[in-house]
Amino acid sequence: MSAAWRIARRELRGGLRGFYIFLICLALGVAAIAAVGSVRAGIEAGLAREGAAILGGDAQAEFTYRFATEEERSWLESVAEEVSETVDFRSMAVAGNERGLTQVRGVDDLYPLYGEVVLDPPMDIASALERRALPGGVMQPVLAARLGLRVGDTFTLGTQQFELRALLEREPDSAGAGFGLGPRTLVTLEGLQESGLITAGTLYDTQYRLRLPAGTDLEALENAAETRFAESGLRWQDSRNGAPGIARFVDRLGAFLVLVGLSGLAVGGLGVSAAVRSYLEGKLDTIATLKTLGATGRVIFTVYFIQVGILSLIGVGLGLLLGALLPLALGPVIEAQLPVPAVFTLYPGPLVEAAIYGLLTAAIFVIWPLARAQDIRAAGLFRDIAGGGMSLPRWPFLLVIAALSAVLIALAVLFSGAWALSLGAAGGIIAALAILAIMAGLVRISARRLARSRVVRGRPALRLALGAVGGPGGETASVILSLGLGLTVLATVGQIEMNTRNAISQDLPEVAPAYFFLDIQNDQLPDFLEIAHAQDGVGRIDTAPMLRGIVTRINGQTARDVAGDHWILRGDRGVTYAASQPESAELTQGTWWPDDYTGPPLVSFAAEEGAELGLSLGDKLTVNVLGRDIEVEIANFRVVEFGDMGINFVMILNEAALAGAPHTHIATLYAEEAAEGPLLRTLSRAFPNVTAIGVRDAITRVSEALGGLAAATSYGAAATLVTGFVVLIGAAAAGTRRRVFEAAVLKTVGATRGRILASFALRSAILGAMAGLVAILGGALAGWAVMTFVMEADYSFQVISALTIVSGGAVASLLAGLAFAWAPLAARPARVLRSRD
Amino acid sequence: MIDPVLSLRDAKLALDANAGRVEILHGIDLDIRAGETVGLTGPSGSGKSSLLMIMGGLERATGGTVMALGHDLTALGEDALARFRLKHMGVVFQSFHLIPTMTALENVATPLELAGAADAFDRAEAELTAVGLSHRLDHYPSQLSGGEQQRVALARAAAPRPAILLADEPTGNLDGPTGEAIMDMLFGLRDRHGATLVLVTHAPELAARCDRQIRLRDGRLDTLSEAAE
Ligand SMILES: Nc1ncnc2c1ncn2[C@@H]1O[C@H](COP(=O)(O)OP(=O)(O)O)[C@@H](O)[C@H]1O
Ligand SMILES: [Mg+2]
């Protein structure tokens, strides 16, 4: 051991020359993972620190459709030092002939309990909203611009006029509010009183933000609130998790990006492996000499394992440094892009995680070439140096490699918490490597065949290229593996990204409605229909009564305990009623109730969602509608296509069940695009309380959100791309020695530089194209799997993305090959050949 | 008198080494006539290989002129030199220098293909048969013994029927009997095709098989030995 150590140290005196590729590959992969992890930790820390400000209070109780009851309110006041009341709903802001969808928040004097509202021009929120001649209001600049409003102008919400006092630059609690469809308008609750917008049956939420005494036990308080008010539809949130939606999103995106980073590390691992192999090729003399002097295979292995181990530590260290410093340096830039606060400092957790990944990957990928080096026989040294490329190490080494890989995968599952995604990614990488190895074998065999066929006779450049691809000791396997895996990761990300981007726009039905109209009052409905139908270019109009209800219990037990955290149970859902079976309703199970049914309440439930919740015919659900519990029995299951953008309800009750409950109507309106503008103006003038949601705008908002997600993924993929390119350059550089020799011999037998270059270029292009081919297949397969099983969306093969990435890869391979062709072409044959004599 | 095939006038070679510029050949004057066989001998490090290299245009003389078949090799570019060798020269090295990613047949066919011969592979096969390797056509160099590799190299050098054959210690890496067989083949090929042969060797008995012997010492022609001829 100590002998091995001393030999290793002597060998390392040569310095890091020849190990730059090794170091870069390892450092890049580790840096990417460390950086992603650090940013994620930073966001999580930011969310935790600003939890109260994001939430708007230390804790919040929220209701839908109603304000808190006396009892609820007095309990909240009893536990809190201060209670701030707000209301939140969608509406139309109108100014002259312009109107725009807005998310209105009505606030009391205490707002905001935490954080600060930033206004332009600067002023405090209380004076911005106070009532002078008119109540005051502030709105986001984008909405003011759309309405053509300047500070001092007036606008209308419902039937109430407001004066625009300032533009809203920042709300402290915007991140917690979730995904709004319109820009924000802030007014006072008092100012809304005469607007006619907050009436029974219209859709609004109320929030009660609490300032709690220091040291309040949040968990105990939550339990108290839930036991007292769980059935009444009170939703509890506190600053332990101020923005659960965002936290979950950051968590999942972070996990996904770390997996992309791991794929990048695998690509880097191939580069590491290739670098070690080429280093050992240069060490054949030393190894043979050591063996002659009596060193055993084990000593040889140890000597080089120590060297490579030290280098791995250096590489991982560099990666950690880069991965830790990058978020620190770019912190302000990243934070400006984020909708949430983030705290960028050094987080040991993600760094440790990245370091473990890096060291394991390095071990997995260096053991292979090291194990083979120990099997080298001194006598075989002068022949077949690169040794067929593919012979297996002995089984104990294979076992160690397998065990380390298993540990790596297990850790990825553990750290990411997304076991299906992690296992899928690991399986994908292993499968891709296996397919690539098989492909490399096939390419070699067919290139060899082709090189001997009559077709290529008389085309020496082509035959030379094919010979090099198919012959022994070539770079075929290493280039196809590394370039192929890199391109596969890229192609996969490309496929996922394009499919995600297209998911919304492509899944749109042929005929989507132009508008959703919300909050049409019962007495407004006949007029609404009449006026709408009288407009030019208006097609079908569908309407339905609309209430909102929360499924609180399933067969008498708390719903979430029975069916888990399903989106249907997460908040209030739209509920409607119908006497007879709607034409569009296709039943999968059960029967519809008779037209004049007045018995115990029945419900028609969405089939797919019902199955996910584990519901069956006859099950009893408790639905809380407007604070009243209604127990309904499932009479049938019905196909619901949420993708068609029409009116869809998870639950349709029989008419009598909801008799007397105040409610409004929802309408979808199909119209020619040219008719949309005038239609909106006419209808919202006639019905100021009715909210119109433009489907086109909504889609744009959603696409933008998805676009941001796709961009984040692209950054992850970029790290893989850079690593792939470095590996490619490494492969090309490693092949230089061989090419220098080949070029010298070819020159000797009379080949011009043009022909030699052509043959080198062909060789790179063939390898690049083959790697690209596998990447297309692999990317399509992995993209399909992710879209189908993770995103639960449709997959379609993205030709342009695939071709771009693959031709990019082939060109990169070509360029890397050509960049390293200069030395071979320039060298004088005499010098090259003489040095080998 | 027939024009010399190779004609060197005051040919010099100086190379930049780590320790500075090294004068390797100090002005060589030499004429080799068509069909002649010349044995080039001298102690190790005397510049034999260097001289052969500048004759083949594999190294550029840093002074004087090197005329081959009427062309001044010192004035030709890399590609022009390659084309010249393609037409007129075959070179054999001590370490064979076969391309490892090509089979024996492909190695031999390469110069023929480069010359645009339609029947490159048939001729290559005939050439390998002539050196007794008809059963090794599809073997890669790594699968051949040293002697076999050198026979492939011989076939490759001879296949395009060059006017000039240059051989640098072709038996240096081979054992005695194998080396002799290679030598017999080399002289056989030369006899059959009538090429001019320049053979570097330090075995006196091999040099003796040549029409003329030249000795090099410290990068200069050993005038004594020339006179003795
Ligand atoms: N690239 C080079 N740079 C500097 N000196 C060299 C180079 N190649 C060979 N030499 C030197 O040139 C001299 C002649 O070498 P060489 O022609 O190979 O001799 P020979 O073939 O007679 O043994 C030797 O002293 C050798 O060290
Ligand atoms: Mg020599």
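Just so it is clear, the structure is predicted and the values come from calculations on it, not from any experiment. Position numbers for residues start from 1 in each chain and track the written sequence from start to end. Here the convention is simple: chains get letters from A, ligands get numbers from 1, in the order in which they are written. The predicted nature of this model means local features are confined to residues of pLDDT at least 70 and side-chain atom pairs, given and counted, to a pLDDT of 80 or more, with totals for whole chains, interfaces and linings taken over all residues. Calculated side-chain values reflect all of the structure's heavy atoms, with hydrogen atoms and water omitted.

Time to look at the overall build of chain B. Segments assigned H or I by DSSP are reported as helices when at least four residues long, segments assigned E as strands when at least two residues long, and all are numbered from the N terminus. The number of helices and strands found in chain B is eight helices and 10 strands. Based on C-alpha atoms, the radius of gyration is set beside the globule rule, defined as 2.2 Å times the residue count to the power 0.38. In summary, chain B has a C-alpha radius of gyration of 17 Å against a globular reference of 17 Å for 229 residues, a match within 12%. Here the C-alpha coordinates of chain B stretch approximately 45 × 45 × 40 Å along the principal axes. Of all 229 residues assigned to chain B, the portion counted as buried reaches 57%. Computed with the Shrake-Rupley method and a 1.4 Å probe, the accessible areas treat only the protein chains shown as cover for residues. On chain B, roughly 9,000 Å² of surface is accessible, and the fraction owed to carbon and sulfur atoms is 49%. Two residue types count as positive, namely Lys and Arg, and two as negative, namely Asp and Glu; His and chain ends fall outside the count. One atom stands in for each charge, and that atom is NZ of Lys, CZ of Arg, CG of Asp or CD of Glu. Averaged over its 21 positive side-chain charges, chain B has a centre that lies 2 Å from the centre of its 31 negative ones. The buried label applies to any residue whose accessible area, calculated with a 1.4 Å probe on protein chains only, is under 20% of its type's maximum; exposed applies above 50%, and partly exposed to all values in between.

Moving on, we get to the overall build of chain A. When helices and strands are tallied, chain A shows 26 helices and 21 strands. Counting every position in chain A, which comprises 837 residues, the buried fraction comes to 54%. Contacts: residue pairs with any heavy atoms within 4.5 Å of one another. Relative to all contacts within chain A whose residues are 6 or more apart in sequence, the contacts with residues 24 or more apart total 81%. A total accessible area of about 35,700 Å² is found for chain A, and carbon and sulfur atoms account for 60% of it.

With that out of the way, let us pick up the site of ligand 1. One heavy atom within 4 Å of a molecule or strand makes the whole residue count as near it. The immediate surroundings of ligand 1 are formed by Arg834 of chain A together with Leu15, Ala17, Ile24, Pro43, Ser44, Gly45, Ser46, Gly47, Lys48, Ser49 and Ser50 of chain B. Bordering ligand 1 are residues originating from chains A and B. A distance of 2.7 Å separates an oxygen atom of ligand 1 from a polar backbone atom of Gly45 of chain B. Contacts described as polar in this section are N or O atom pairs within 3.5 Å, which, within protein, must combine one atom able to donate a hydrogen with one able to accept it, while residues neighboring in sequence count only if both atoms come from side chains. With respect to ligand 1, the backbone of Ser46 of chain B contributes an N or O atom lying 3.3 Å from an oxygen atom. The protein chains hide 68% of the 570 Å² of surface that ligand 1 would expose on its own. Sorting the residues of the shell around ligand 1 by element identifies strand 1 (4-17) and helix 1 (48-55) of chain B as the ones contributing at least two each. A per-element tally of the shell around ligand 1 places helix 1 of chain B first, with three residues. Charged means Asp, Glu, Lys or Arg here, nonpolar means Ala, Val, Leu, Ile, Met, Phe, Trp, Tyr, Cys or Pro, and polar covers whatever is left, Gly included. Of the residues assigned to the shell around ligand 1, the class counts are four nonpolar, six polar and two charged.

Okay, the interface of chain A and chain B next. Facing the 38 residues of chain A at the interface are 37 residues of chain B. Counting each side, the surface lost to burial between chain A and chain B is near 3,600 Å², with a carbon and sulfur contribution of 55%. Salt bridge, as used here: a side-chain nitrogen of Lys or Arg that lies within 4 Å of a carboxyl oxygen of Asp or Glu. On inspection of chain A and its partner chain B, the count reaches six salt bridges. The partner of Arg828 of chain A in a salt bridge is Glu78 of chain B, with the nearest N and O atoms 3.6 Å apart. Counting residues per element, the ones that place at least two in the side of chain A that touches chain B are helix 14 (419-452), helix 15 (460-470), helix 22 (695-748), helix 23 (753-790) and helix 26 (829-836) of chain A. Of the residues assigned to the side of chain A that touches chain B, the class counts are 15 nonpolar, seven polar and 16 charged. Each of two parts loses accessible area, computed with a 1.4 Å probe, when they are put together; buried area is these two losses added.

This next bit is on the packing of aromatic side chains. All names here are of chain A. Any pair of Phe, Tyr and Trp rings, taking the six-membered ring for Trp, is counted once the centres come within 6.5 Å. Such a pair is stacked with planes under 30 degrees apart, edge-to-face with planes over 60 apart, and tilted for the rest. Counted under the stated rule, the structure contains 15 aromatic pairs over all chains. Arranged with centres 5.6 Å apart and planes meeting at 40°, the rings of Phe67 and Tyr204 form a pair that is tilted. Taken as a pair, Phe67 in the loop between strand 1 (59-64) and helix 4 (70-79) and Tyr204 in the loop between helix 7 (189-192) and strand 9 (205-211) lie far apart in primary sequence, 137 residues in all. For the ring pair Phe155 and Phe162, a centre distance of 5.7 Å and an interplane angle of 20° mean the geometry is stacked. Through a chain of ring-to-ring contacts, three or more aromatic side chains come together here, namely Phe19, Phe22, Tyr279 and Tyr304. Here, over-ring charges are defined by two tests on the NZ atom of lysine or the CZ atom of arginine: distance to the ring centre within 6 Å, and angle to the ring normal within 35 degrees. One Lys or Arg, Arg211, reaches over the ring of Tyr114 and ends 4.9 Å from the middle of that ring. When the ring centre of Phe760 is taken as origin, the NZ or CZ atom of Arg739, which lies over that ring, is 5.4 Å away.

So, on to the nonpolar core. What we call a nonpolar core is a set of buried Ala, Val, Leu, Ile, Met, Phe, Trp, Tyr and Cys residues that are connected through their side-chain atoms within 4.5 Å. Among the nonpolar cores identified, the biggest contains 105 residues, and Phe22, Leu280, Tyr304, Leu320, Tyr357 and Leu485 of chain A are the most heavily contacted of them. Broken down by element, the residue count for this core peaks at 16 residues, all from helix 9 (residues 244-282) of chain A. When near neighbours in sequence (up to four residues on either side) are disregarded, Tyr304 of chain A contacts Glu11, Tyr279, Leu280, Lys283, Thr286, Ile287 and Leu370 of chain A. Membership of the second largest hydrophobic core comes to 55 residues, among which are Val749 of chain A together with Val38, Leu52 and Leu216 of chain B.

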